[in-house]
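Structural description and commentary
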Amino acid sequence: MSEDCIFCQIVAGDIPSRSVYEDDDAFAFLDANPMAPGHTLVVPKEHHETLADLPEDAGAAVFAALHRLTPVVEDAVDADASTVAFNNGEAAGQEVGHVHGHIIPRFDGDGGGPVHAVAGARPDLDDDELDAIADRIANAAD
Ligand code: 5GP
Ligand code: ZN
């Protein structure tokens, strides 16, 4: 537990939340400032700041909870779809430094955008640059 982390304090029950799910390694609760009805956050119980910091088993637990909860959340608010996403690091808009996945219910005509809208202008990359990037990722992921 990180003493000054609000999500650690929520997991510990020291800060109240509308909790909706808990297992050994993951915890989920309603976002206090929802983008849509049912907006839910899924966190690992252990404190880790970003996905890169998260051990594989904790990551698996978070994904399992997201997988279980996404259809349940959609049904609870009669949503047409959902956006499931992580703001992973400050430059991507992460404000709370404890990994959390957002489940944001979506509705036909809700005026929101797809995840394609979150980055800046699309880069102009030629084939060589795309090949080099793919190689770097593939080699590092091996
Ligand atoms: P981020 O920008 O870090 O991905 O999102 C943080 C989210 O946490 C925001 O959507 C914000 O509304 C939510 N949040 C921040 N503080 C609290 C809190 O104390 N309780 C709950 N339930 N949600 C919070
Ligand atoms: Zn924490």
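Above this text is the structure in question.
Residues numbered from 1 in each chain as written. Chains lettered and ligands numbered in written order. Predicted model: local features only at pLDDT ≥ 70, side-chain atom pairs only at ≥ 80, totals over all residues. Heavy atoms only, no water.

1. Overview of the coordination of the zinc ion (ligand 2)
For a metal with four tetrahedral donors the ideal donor-metal-donor angle is 109.5 degrees, whereas six octahedral donors ideally subtend 90 or 180 degrees. Put simply, the rule is: Metal donors: N, O and S atoms at distances within 2.8 Å, or within 3.2 Å for Na, K and Ca, with water omitted from the atom set so that some sites may seem incomplete. Sites are called tetrahedral only when four donors show all angles between 85 and 135 degrees, square planar or octahedral only when four or six donors show opposite pairs over 155 degrees and all other angles between 65 and 115, and irregular in any remaining case. The helix count covers DSSP runs of H or I at least four residues long, the strand count covers runs of E at least two residues long, and both are numbered beginning at the N terminus.
Protein-derived ligands of the zinc ion (ligand 2) are Cys-5 (SG), Cys-8 (SG), His-47 (ND1) and His-98 (ND1), with the metal-ligand distances lying across 2.1 to 2.3 Å. Geometry at the zinc ion (ligand 2) is tetrahedral, judged from the four donor atoms that bind it and their angles of 106 to 118 degrees at the metal. Sequence spacing of the donor residues for the zinc ion (ligand 2), all on one chain, is C-x2-C-x38-H-x50-H. With Cys-5 in the segment before helix 1 (6–12) and His-47 in the loop between strand 3 (40–44) and helix 2 (56–76), this pair connects stretches of sequence that are 42 residues apart.

2. Section: the packing of aromatic side chains
Under the convention used in this document: By convention, a stacked pair of Phe, Tyr or Trp rings (six-membered ring in the case of Trp) has centres within 6.5 Å and planes under 30 degrees apart, an edge-to-face pair has planes over 60 apart, and any other such pair is tilted. Each residue is assigned to one of three classes by its accessible area relative to the maximum for its type, calculated with a 1.4 Å probe on protein chains only: buried under 20%, partly exposed between the two thresholds, exposed over 50%.
With the rule as written, the count across this model stands at two aromatic pairs. Taking the centre distance of 5.2 Å and the plane angle of 75 degrees together, the rings of Phe-7 and Phe-29 count as edge-to-face. Within this pair, whereas Phe-7 is found in helix 1, its partner Phe-29 is found in strand 2 (residues 26–30), the two being separated by 22 residues in sequence. Centroid distance Phe-27 to Phe-29: 6.0 Å. Interplanar angle 45 degrees. Geometry classified as tilted. For the pair formed by Phe-27 and Phe-29, the shared burial category is buried. Here the aromatic residues Phe-7, Phe-27 and Phe-29 are joined through ring pairs into a cluster of three or more.

3. Focus: the pattern of salt bridges
Put simply, the rule reads: Whenever Lys or Arg places a side-chain nitrogen within 4 Å of a carboxyl oxygen from Asp or Glu, that contact is recorded as a salt bridge.
Under the counting rule described, the total for this entry stands at two salt bridges. Close ionic contact of Lys-45 with Glu-22 constitutes a salt bridge, the shortest N to O distance being 2.8 Å. Of this pair, Lys-45 sits in the loop between strand 3 and helix 2 while Glu-22 sits in strand 1 (residues 19–22), and the two are 23 residues apart along the sequence. Relative accessible area serves as the criterion here: at 24%, Lys-45 is assigned to the partly exposed category. With a relative accessible area of 49%, Glu-22 lands in the partly exposed category. When the shortest N-O distance is used, the salt bridge between Asp-110 and Arg-106 registers 2.7 Å. Take Asp-110: its relative accessible area is 36%, and that puts it in the partly exposed class.

4. Overview of the sheet that holds strand 5 (residues 101–106)
For clarity, the cut-off: Two strands pair if DSSP finds at least two bridges between them. With axes taken as lines fitted to C-alpha atoms, and helix axes fitted only over the stretch in contact, angles between N-to-C directions fall between 0 and 180 degrees. By definition, residues are in contact when any of their heavy atoms lie within 4.5 Å.
Judged by pairing direction, the sheet is antiparallel, and its five strands sit side by side in the order 1-2-3-5-4 without closing on themselves. Bordering the open sheet on either side are strand 1 and strand 4 (81–85), each of which pairs with just one other strand. Averaged over neighbouring strand pairs, the angle between their axes works out to 20 degrees when direction is ignored. Across the face of the sheet, helix 2 comes into contact with strand 1, strand 2, strand 3, strand 4 and strand 5 while running at roughly 165 degrees to strand 3.

5. Things to note about empty space enclosed by the protein
This is how the line gets drawn: Only protein atoms enter the calculation, which uses a 1 Å grid: trapped sets of points that fit a 1.4 Å probe without letting it out are cavities, open sets showing protein on both sides within 12 Å along at least five of seven lines are pockets, and any residue with an atom within 4 Å of a point is a lining residue. Grid points are joined across faces, edges and corners, and a volume is the space filled by probe spheres set on the points. Following the grouping adopted for this structure description, the nonpolar residues are Ala, Val, Leu, Ile, Met, Phe, Trp, Tyr, Cys and Pro, the charged ones are Asp, Glu, Lys and Arg, and the polar ones are all others, Gly among them.
Per the stated rule, a full pass over the model turns up one cavity of 30 Å³ or more. In this structure, the largest cavity occupies an estimated 30 Å³ of space. In terms of lining residues, the largest cavity is bounded by Glu-49, Thr-50, Leu-51, Phe-86, Asn-87, Asn-88, Gln-94, Val-99 and His-100. For the lining of the largest cavity, the per-class residue count stands at three nonpolar, five polar and one charged.

6. A few points about the environment of Val-84
In this structure, Val-84 sits in strand 4. We classify Val-84 as partly exposed; its relative accessible area is 39%. With residues near it in sequence (within four places) discarded, Val-84 still touches Leu-66, Thr-70 and His-102.

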